[in-house]
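Here are the chains, one letter per residue:
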Amino acid sequence: MVQDSPPDLRPASLEEIEASLSHGLRYDGRRKVHTADEMMARITAERLVVYLQSCGYVILRRAGSPAPSTSTHRHPHTDAG
């Protein structure tokens, strides 16, 4: 597949990578996976981020991409719009 112009990419922050990996370990789409609890998913994601960084990986992310979420509902503590 050939693209005429490169997509608008930027390096992902370590926190974004960790959050995405942790989310991927805990959820299959929006359905919670019961094979990894939240603590284990966070620890595994942290270890993977450190390892990838030490190996020189650079992970890119599209600008403006939303963070992973398990809900389409408004958070109860946000201001009503």
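Let us look at the environment of serine 22. Counting through the fold element by element, serine 22 comes out in helix α1 (residues 14-26). For the pair serine 22 and threonine 44, spaced 22 residues apart in sequence, the C-alpha separation works out to 7.5 Å.

Turning our attention to the environment of proline 7. Checked against the element boundaries, proline 7 lands in the segment before β1 (9-11). A residue is classified by how much of its surface remains accessible, and proline 7, at 36% relative accessible area, is partly exposed. The spacing of proline 7 and arginine 61 is 54 residues in sequence and 9.6 Å in space, taken between C-alpha atoms.

Calculation notes
Just so you know, the residues in each chain are numbered from 1, in the order the chain's sequence is written. With the structure being a predicted model, the display of local features is reserved for residues of pLDDT at least 70 and the display and counting of side-chain atom pairs for 80 or more, all residues being used for whole-chain, interface and lining totals. With hydrogens and water stripped out, all remaining heavy atoms of the structure feed into the side-chain values. Secondary structure elements follow DSSP: runs of H or I no shorter than four residues count as helices, runs of E no shorter than two count as strands, and numbering proceeds from the N terminus. The buried label applies to any residue whose accessible area, calculated with a 1.4 Å probe on protein chains only, is under 20% of its type's maximum; exposed applies above 50%, and partly exposed to all values in between.

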